[in-house]
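# Structural overview for review
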Amino acid sequence: MIELKNISKSFDKTNAVKNISFSVLKDETLVLLGTSGCGKTTTLKMINRLIKADSGDIFINGENIKKINEEKLRLGIGYVLQNHGLLPHYTIEQNIAIVPNLLRWGKDKTDSRMEEMLHKLHLPLNLKDKYPNQLSGGQQQRVGLARALMAKPPILLMDEPFGALDPITKESIKKEFLTLDELQNKAIVMVTHDIQEAFELGDRICLMSNGEMIQIGKPTELLEKPRNGLVKDFFRGQKLQLSLKAIEVKNLSPFLEPSADRYDDAISIDHQSVWDILEILAEKPFCRLEINGELKKATNGSLMEAIEKFKATKNGTTE
Amino acid sequence: MEQQNSFFQFISQESDKLLNQTLVHIGLTFISLIIAIIIALPLGVWISRRQKLASSVLGFAGILQTIPSIALLGVMIPILGIGVKPAIVALFLYALLPIIRNTYTGIKNIEPEVLEAAKAMGMNKWQVLKQVELPLAFPVIMAGIRTATVINVGVATLAAYIAAGGLGEFIFGGIALNNTNMILAGAIPAALLAISFDFLLSKVQRIGFKKLKTHLILLPVLFVLCSSFYFLPLAFDGKMLAGFTPEFMGRQDGDIGLRKIYGLKIRTVVISDAVMYKAAYDKKLDVISGYSTDGRLKAFDLITLKDDKNIFPPYFAAPIVNQDVLDKNPTLERILNLLSNKIDDSTMTSLNYKVDYLHQLPEQVAKEFLIEKGLYKSPRNGNGATIKIGSKIFGEQYILAQMYKMLIEGNSDLQVETKTGLGGTKICFDALTNKQIDFYPEYTGTGLLVILPQKPKLFAGIMGDKEKVYDYVQQEFNKNYRIKWLKPIGFNNTYAIMMRRKQVEKLGIKNISDLKENLEKY
Ligand SMILES: Nc1ncnc2c1ncn2[C@@H]1O[C@H](COP(=O)(O)OP(=O)(O)OP(=O)(O)O)[C@@H](O)[C@H]1O
Ligand SMILES: [Mg+2]
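Source: prediction; values computed, not measured.

Once that is clear, we can look at the overall build of chain B. Check the secondary structure of chain B and you find 26 helices and 10 strands. Here chain B holds 522 residues, and the buried ones make up 55% of them. The contacts of chain B with a sequence gap of at least 6 include a subset with a gap of at least 24, amounting to 79%. Per element, the accessible surface of chain B, about 23,300 Å² overall, is 58% carbon and sulfur. Of note, chain B has its 58 positive side-chain charges centred 6 Å away from the centre of its 44 negative side-chain charges.

Right, dumping it as structure tokens:
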């Protein structure tokens, strides 16, 4: 879907991005992860030509973006800015309707789609006539997302979409984010410097440092097979937590004891990580999980054992 | 109360003129403003894209802004002549800076992230400009337009100097004629115009760009409507054009006398003395009201028409001095009288010619003259009291002031300070009565008709006689203001009607009655 080939960019004397190549499939989320100033935003903006690459080529569906009309290219790419980037003189309604209006949608179509988006993002309808500065940070962020998703673009670029939020709001928006159907079947490139976030949201992670791409791969790959010391350093101190987040509980199903008796409090499992379950277990000695219709019992100890067995068989990769 | 009454009387008497001047004033302001907006807005947008050009464009517009208005109008005349064109161009130039600068700043102050967002959504440059930059910069741009409007309403008063009309006609006429009502009749409407335009535009500014969009078409319409006011009063006809100074326009012994006593009917514009002669020479004007000793008479080859019905009273020049100052400095009177009867009409004309046309310095001309007459003495550099000499704002007065300075410094230990260029009669005379100056050269006719309270019947009797006028003003000034008229300098700088020599010869006009007949022929 998106393919970067040997992309470089420098500003005056800073080499912001050095020879980066990667590709993103049409239904996967790639996270650009790295410390501040390592060139993440620059890389992202080159994809919708807000910044022009010095060298290298970018292809979208096999077509070189240099050959696509700038505005047409951008109309097909949703973009969520680092600080929401809502137009201050437009109401929320007008902000969300920007792309539909540029695409010359009719009013009815725009209105019904807007209502749908506001609903999906848990935004009250009465926000429509307010101005961005009358909204909370979390609401602004969601409006920014709604605006980017209005015209159902096949590609979504997000620059630290949860950057400016407090941890609690951040958690709840991230949860919504994971479950939002609008985000399925899209090629998403997301920028963050938050390692936890990268592991929770990314199908693959591209780790950058100083404008260079150090390693790209699934979260567990980066953890288990770091290419060099830099990658190791990056995860130092968080490795255990990250690996627990990288393993989905359902994969441990074969190694967990079944629970004999049925209780209503069983947690139904789809994409939860081991970490999520451990957080629940911090408050009670055991819990029951319902995985693919089977009922399992889990305690801290049994989960750890299951992980060991899982790693031994699968050699550390999920699925 | 009486003052107020007569002010309203004045307004109602002159309501036609007032309406005309107000409309012209609005027209001038808005025509120049529209042109300025049309040029400055895109220019401001353009330089916001080209950082390198910004400082030079803003710097240039800034320099234009610092040129004194009168000087700017003066510079326009050789290029554009007199009347509407140079006035509009000058006003336009003044309006440029605030609009360019505010457009530039307004756009530059928009958060880069907002612009990036707009671009990223897929807007093209034009859409970004129209939907984001202009609306966000709108309040700042409007503030610039407001500033420009207020500046223009103010500067447009000066348009009266170059025959473009407007409320300046009353203001400057009033200053020249010492007529407070006339000044107020110009100044109050001008101030009201400035305040109300500023208020209206502040409303527009508050409405904001978005809601305005639907009414946006109305705005230019309104502006054009205001501009068209200008052309309403211009529906004159007539083959000759007269240019009279604001002062001349309001005087019994000026335009009023010409109409009443000669029955002269001629299309007239109001114009500053500074540009009138040149305009006559350039055939922009046919008839002007000049002064009989003006150097430019010689320079521009103009002919004085004979005043065959004696409407212009004698204007013999003499220093008028505060009596207190004479009492305190007993030598002063003798020194000032050294100049009495030393300068006749033709001498004064040629002295004026040197200053006004050959651009020699008044000091130099004064010194040469005094040396020639054997009156010059090197300054004693004494440290006595300081005598403050005033002068009105034209060459002859500068020369006389310099002569008096040299005489005082050479013949006494008094020190001298000159306050030249005090505008018209009113400003000079007020300065004198308020003791800001000690003396200045005044003309008997001006004393009689401008400064003293009007007594038409009495004046009619003495008008023709220069001795009687002198005696009368001397007496009255002493009685009313404790100001003393010293001995006359000799020349008679009276009003005169002038035309180009060639035209006069061609039409066979010798005096003002001939001119009247000629005008009525067709
Ligand atoms: N317009 C610009 N002009 C000059 N230098 C720039 C510009 N934009 C970015 N840079 C530089 O390029 C480098 C990479 O910047 P970039 O914005 O891509 O970093 P980032 O990884 O997004 O950082 P952060 O996490 O802080 O947002 C930085 O050193 C930055 O200073
Ligand atoms: Mg960034």
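Now that the structure has been shown, the text picks up again.
Attention now moves to the site of ligand 1. Residue and element names in this part refer to chain A. Around ligand 1, the surrounding shell consists of F11, A16, S36, G37, C38, G39, K40, T41, T42, Q82 and E160. Within the side chain of T42, an N or O atom sits 2.4 Å from an oxygen atom of ligand 1. Summarising the interface, the protein chains cover 62% of the accessible area of ligand 1, which totals 630 Å² for the free molecule. A per-element tally of the shell around ligand 1 places helix α1 (residues 40-47) first, with three residues. When its residues are assigned to classes, the shell around ligand 1 shows three nonpolar, six polar and two charged.

What follows is about helix α19 (residues 362-372) of chain B. All names here are of chain B. Taken as a whole, α19 has its buried residues at P362, V365, A366, F369 and L370. Burial along α19 is one-sided: seen end-on, the buried residues are contained in an arc of 130 degrees. Each element contacted by the buried residues of α19 is listed here: α18 (345-357) and α20 (395-411). G374 lies just past α19 and shows a positive phi near 70 degrees.

This paragraph deals with the packing of helix α7 (residues 125-155) of chain B against helix α9 (residues 180-207) of chain B. Residue and element names in this part refer to chain B. Following both chains from N to C, one finds α7 and α9 inclined at 170 degrees, their axes separated by 9 Å at the closest point. Taken together, the axes of α7 and α9 are roughly antiparallel relative to one another. In this structure, α7 contributes F138, P139, M142, A143, I145, R146, T149, V150 and V153 to the contact, and α9 contributes A190, L193, A194, F197, D198, L201, S202, V204 and Q205. Grouping the constituent residues of the contact of α7 with α9 by class yields 13 nonpolar, three polar and two charged.

Summed over the entire model, instances satisfying the criterion amount to 22 aromatic pairs over all chains. Between the aromatic rings of F477(B) and W485(B), the centroid separation amounts to 5.4 Å while the plane-to-plane angle is 80 degrees, which identifies the pairing as edge-to-face. In this pair, the class of F477(B) matches that of W485(B), namely buried. Between the NZ or CZ atom of K109(A) and the centre of the ring of W105(A), over which it lies, the distance is 4.2 Å.

What follows is about the domain arrangement of chain B. Residue and element names in this part refer to chain B. Domain annotation of chain B identifies domain 1 (2-232), domain 2 (241-308 + 497-520) and domain 3 (317-493). Taking the mean C-alpha position of each, domain 1 and domain 2 sit 34 Å from one another. Contacts between domain 1 and domain 2 engage 14 residues on the former and 12 residues on the latter. Roughly 1,100 Å² of surface becomes buried between domain 1 and domain 2 when both sides are summed, with 75% attributable to carbon and sulfur atoms. Ranking the residues of domain 1 by area buried against domain 2 places I82, Y161 and L177 at the top, with a combined share of 39%. Along the contact surface separating domain 1 from domain 2 lie one residue pair in polar contact (both at pLDDT 80 or more). The biggest single contributor to the side of domain 1 that touches domain 2 is helix α8 (residues 168-177), with five residues. When its residues are assigned to classes, the side of domain 1 that touches domain 2 shows 11 nonpolar, two polar and one charged.

Quick look at the environment of V224(B) now. With respect to the helices and strands, V224(B) occurs in helix α11 (residues 218-228). Through-space distance from the C-alpha of V224(B) to that of L375(B) is 62 Å; in sequence the pair is 151 residues apart.

What follows covers the side chain of E133(B). Residue and element names in this part refer to chain B. Structurally, the position occupied by E133 is in helix α7. A relative accessible area of 6% means that E133 is categorised as buried. At 2.8 Å, the side chain of E133 and the side chain of R49 are in polar contact.

Glancing now at a nonpolar patch on the surface. Together, L184(B), I188(B), L192(B) and I195(B) make up a nonpolar patch on the protein surface, roughly 350 Å² of accessible area in all. With respect to the helices and strands, I188(B) occurs in helix α9.

Residue and element names in this part refer to chain A. Neither face of strand β6 (residues 77-80) is open: one carries I77 and Y79, the other G78 and V80, and all of them are buried. Summarising the sheet, β6 and strand β7 (residues 155-159) pair through four bridges and their orientation is parallel. Note that in β7 the partner of I77 across the bridge is I155.

Mapped onto the present numbering, the UniProt feature "domain: ABC transmembrane type-1" (unreviewed entry) falls on residues 22-201 of chain B. Counting secondary structure, residues 22-201 of chain B comes out at 86% helix and 0% strand; the distance between its end C-alpha atoms is 19 Å.

In this section: the sheet that holds strand β4 (residues 302-305) of chain B. All names here are of chain B. Strand order in the open sheet formed by five strands is β2-β1-β3-β10-β4, with mixed pairing between adjacent strands. Either end of the sheet is taken by a strand with one partner, and the two such strands are β2 (267-270) and β4. Strand-to-strand, the axes of this sheet are offset by a mean angle of 40 degrees, without reference to chain direction. As paired elements, β4 and strand β10 (residues 495-500) share four bridges and run antiparallel to each other. Considered in β10, the bridge of L305 is made with I497.

A few words on the pattern of salt bridges. Going through the model one piece at a time under the given rule, you end up with 38 salt bridges over all chains. Two residues, K245(A) and E200(A), come together in a salt bridge whose shortest N-O distance is 2.9 Å. Residue K245(A) is located in helix α11 (residues 239-246), and its partner E200(A) is located in helix α8 (residues 195-201); the two are separated by 45 residues in the primary sequence. Relative accessible area serves as the criterion here: at 24%, E200(A) is assigned to the partly exposed category. Of the charged contacts in the structure, one is a salt bridge between R482(B) and D327(B), with a shortest N-O distance of 3.7 Å. Here D327(B) lies in helix α16 (residues 323-328) and R482(B) lies in the loop between α24 (466-481) and β9 (483-485), a separation of 155 residues in the sequence. Given a relative accessible area of 48%, D327(B) falls into the partly exposed group. A single salt-bridge network, built from bridges that share partners, covers R113(A), E116(A), K120(A), D181(A) and E182(A).

Let us look at the confidence of the model for chain B. Chain-level pLDDT for chain B is 87 on average; 94% of the residues reach the 70-or-more range. As scored by the predictor, the complex reaches a pTM of 0.72 and an ipTM of 0.83.

Turning our eyes to something else, we now look at the interface of chain B and chain A. The interface of chain B with chain A comprises 17 residues on the first partner and 22 residues on the second. With both chains or domains summed, chain B and chain A bury close to 1,800 Å², and 65% of this area falls on carbon and sulfur atoms. Across the contact surface, chain B and chain A share one salt bridge. Note that K45(A) and E116(B) form a salt bridge whose closest N and O atoms lie 2.9 Å from each other. Linking chain B to chain A there are three residue pairs in polar contact (both at pLDDT 80 or more). The set of elements that each furnish at least two residues to the side of chain B that touches chain A consists of α6 (112-121) and α7 of chain B. Sort the elements by how many residues they give to the side of chain B that touches chain A and α6(B) lands first, with eight residues.

Turning our eyes to something else, we now look at the pairing of β10(B). All names here are of chain B. Along β10, six of the six residues are buried, which leaves the element largely enclosed by surrounding structure. Sheet topology note: the strand β3 (residues 287-291)/β10 ladder contains five bridges and is antiparallel. Looking at the pairing, G290 lines up with A496 of β10.

On to the environment of V473(B). All names here are of chain B. On the secondary structure map, V473 appears in helix α24. Overall, the relative accessible area of 0% leaves V473 in the buried class. Considering only alpha carbons, one finds V473 and K506, 33 residues apart in sequence, at a separation of 41 Å. The contact partners of V473, leaving out residues within four places of it in the chain, are T444, G447, L448, L452 and W485.

Analysis parameters
Residues numbered from 1 in each chain as written. Chains lettered and ligands numbered in written order. Predicted model: local features only at pLDDT ≥ 70, side-chain atom pairs only at ≥ 80, totals over all residues. Heavy atoms only, no water. Helix = DSSP H or I, 4+ residues; strand = E, 2+ residues; numbered from the N terminus. Buried < 20%, exposed > 50% of the residue type's maximum accessible area, 1.4 Å probe, protein only. Contact = heavy atoms within 4.5 Å. Areas by Shrake-Rupley, 256 points an atom, 1.4 Å probe, with all protein chains shown as cover. Lys, Arg positive; Asp, Glu negative; His and termini not counted. Charge placed at Lys NZ, Arg CZ, Asp CG, Glu CD. Near = heavy atom within 4 Å. Polar contact = N/O pair within 3.5 Å; in protein donor to acceptor, adjacent residues only side chain to side chain. Nonpolar A, V, L, I, M, F, W, Y, C, P; charged D, E, K, R; others polar. Arc of directions from axis to C-beta. Axes fitted to C-alpha atoms, helices over the stretch in contact; angles between N-to-C directions. Parallel < 35°, antiparallel > 145°, perpendicular 65-115°, else oblique. Phe/Tyr/Trp six-rings, centres within 6.5 Å; stacked < 30°, edge-to-face > 60°. Lys NZ or Arg CZ within 6 Å of the ring centre and 35° of its normal. Domains from an automatic or database assignment. Buried area = accessible area lost by both parts, 1.4 Å probe. Patch = residues over 30% accessible without salt bridge, like charges linked within 9 Å, V, L, I, M, F, W, Y side chains within 5 Å. Salt bridge = Lys/Arg side-chain N within 4 Å of Asp/Glu carboxyl O. Pairing = 2+ DSSP bridges. UniProt positions renumbered as here; feature names shortened; annotations may be inferred. pLDDT = per-residue confidence, 0-100.

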